[in-house]
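# Structural description and commentary
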Amino acid sequence: PRVAVLISGGGSNMVKLLDSMAADHPAEPVLVLANSADAGGLAKAKAHGVQSDFVDHKPYGADREAFEDALIAKLDTAKADVICLAGFMRVLTPHFIDRYEGRMLNIHPSLLPKYKGLHTHARAITAGDTEAGCTVHEVTAKLDDGPILLQARVPIRLDDTPDTLAARVLKQEHRIYPQALRQFIRKL
Ligand code: GRF
């Protein structure tokens, strides 16, 4: 299958997915697509020899579907048939999701179903949780809610800040996302 990875920022998860597909994978990375020109991951994609592009979401304002149509046009040109959201920070509407449901994954930095949405690490610390983690799930119209493929747990230490916890969780994201994508593709 032809895999597209959607990013918003540095793309550290995207890099791990590209490395995994370059190594031992029936999947081919065909596009790294960002929602802004200055997503740091775009340069990393280029360095990995993978086609990269962006659609700036800002000119579309509140017209989410028009923004999504621009994304879809790029994905169609690349003939992508699996979508990996990796640090992609825009909420996607059913307009986009209906088109890719069953072929789209996301990595979320919490042990879903706990802490859907943002600021997951601060929320887990504030709640006094003793562990946190990350989840790879299929994307459905309900935010951070689709079928779970893989999770990883990490301890929360008493002196943790959201940043120290985020760094610990991110290492596990990098481990489970490539594993989850491999599993997912085998079942397509
Ligand atoms: C990180 O907060 C990660 O937990 C979440 O998206 C953010 C950026 O990830 N998945 P990346 O480095 O852009 O992959």
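Residues numbered from 1 in each chain as written. Predicted model: local features only at pLDDT ≥ 70, side-chain atom pairs only at ≥ 80, totals over all residues. Heavy atoms only, no water.

This brings us to the UniProt feature "site: Raises pKa of active site His" (unreviewed entry) in the protein. The sites that carry the UniProt feature "site: Raises pKa of active site His" (unreviewed entry) are, in the present numbering, Asp144. Topologically, Asp144 is positioned in the loop between β6 (131-138) and β7 (148-155). Of the residues examined, Asp144 reaches a relative accessible area of 10% and is grouped as buried. Each residue touching Asp144, except ones within four places of it in the same chain, is listed here: Asn106, His108, Leu112, Lys116, Gly117 and His137. At a separation of 2.8 Å, a polar atom in the side chain of Asp144 contacts the main-chain amide nitrogen of Gly117. (UniProt positions renumbered as here; feature names shortened; annotations may be inferred. Helix = DSSP H or I, 4+ residues; strand = E, 2+ residues; numbered from the N terminus. Buried < 20%, exposed > 50% of the residue type's maximum accessible area, 1.4 Å probe, protein only. Contact = heavy atoms within 4.5 Å. Polar contact = N/O pair within 3.5 Å; in protein donor to acceptor, adjacent residues only side chain to side chain.)

A separate point is the nonpolar core. Ranked by size, the top nonpolar core spans 38 residues in total, and within it Val3, Val5, Ile7, Met14, Val32, Tyr177 and Leu181 carry the most contacts. Examining the composition of this core, we find that eight residues originate from one element, helix α6 (residues 162-186), more than from any other. Listed in part, the 22 residues of the second largest apolar core include Leu31, Ile72, Phe96 and Tyr100. (Core = buried A, V, L, I, M, F, W, Y, C linked by side-chain atoms within 4.5 Å.)

A separate point is the site of the ligand. As a matter of local geometry, the ligand sits amid Gly10, Gly11, Ser12, Asn13, Gly87, Ile107, Pro109, Leu170 and Glu173. Ser12 places a polar side-chain atom, nitrogen or oxygen, 2.6 Å from an oxygen atom of the ligand. Take Asn13: an N or O atom from its main chain is 2.8 Å from an oxygen atom of the ligand. Protein chains bury 75% of the 360 Å² of accessible surface belonging to the ligand in isolation. Where the shell around the ligand is concerned, the elements lending two or more residues are α1 (12-24) and α6. Here the residues of the shell around the ligand are counted per class, giving three nonpolar, five polar and one charged. (Near = heavy atom within 4 Å. Areas by Shrake-Rupley, 256 points an atom, 1.4 Å probe, with all protein chains shown as cover. Nonpolar A, V, L, I, M, F, W, Y, C, P; charged D, E, K, R; others polar.)

Turning our eyes to something else, we now look at the packing of aromatic side chains. Counted by the stated rule, this structure contains two aromatic pairs. Relative to Phe67, the ring of Tyr60 lies with its centre 5.9 Å away and its plane at 50°, an arrangement referred to as tilted. Of the residues examined, Tyr60 reaches a relative accessible area of 30% and is grouped as partly exposed. Ring geometry for Phe96 and Tyr100: centres 5.0 Å apart, planes at 45°, overall tilted. Separated by four residues within a single helix, Phe96 and Tyr100 lie in helix α4 (residues 94-100), roughly one turn from each other. (Phe/Tyr/Trp six-rings, centres within 6.5 Å; stacked < 30°, edge-to-face > 60°.)

Bringing the environment of Val82 into the picture now. Relative to the assigned elements, Val82 resides in strand β4 (residues 82-85). In this structure Val82 comes out as buried when scored by relative accessible area, which is 1%.

Glancing now at helix α3 (residues 64-77). Helix length check: α3, at 14 residues, gives a terminal C-alpha distance of 20 Å against a target of 20 Å (1.5 Å per residue), a fit within 8%. Taken together, the buried positions of α3 are occupied by Phe67, Glu68, Ala70, Leu71, Ile72 and Leu75. Along its buried surface, α3 packs onto β1 (2-7), β2 (28-34), β4 and α4. Two residues or fewer past α3, Lys79 is found with a positive phi of approximately 55°. (Expected span 1.5 Å × (residues − 1).)

Bringing the pattern of salt bridges into the picture now. Using the criterion set out here, one finds nine salt bridges in the structure. In this structure, Arg153 and Glu131 form a salt bridge, with 2.4 Å as the shortest nitrogen-oxygen distance. Placement of the pair is Arg153 in strand β7 and Glu131 in strand β6, with a sequence separation of 22 residues. Judged by relative accessible area, Glu131 falls into the partly exposed class, the value being 34%. With a closest N to O distance of 3.9 Å, Lys142 and Asp145 form a salt bridge. Under the relative-accessibility criterion, Lys142 is labelled exposed at 56%. One network of salt bridges, in which partners are shared, links Lys116, Lys142 and Asp145. (Salt bridge = Lys/Arg side-chain N within 4 Å of Asp/Glu carboxyl O.)

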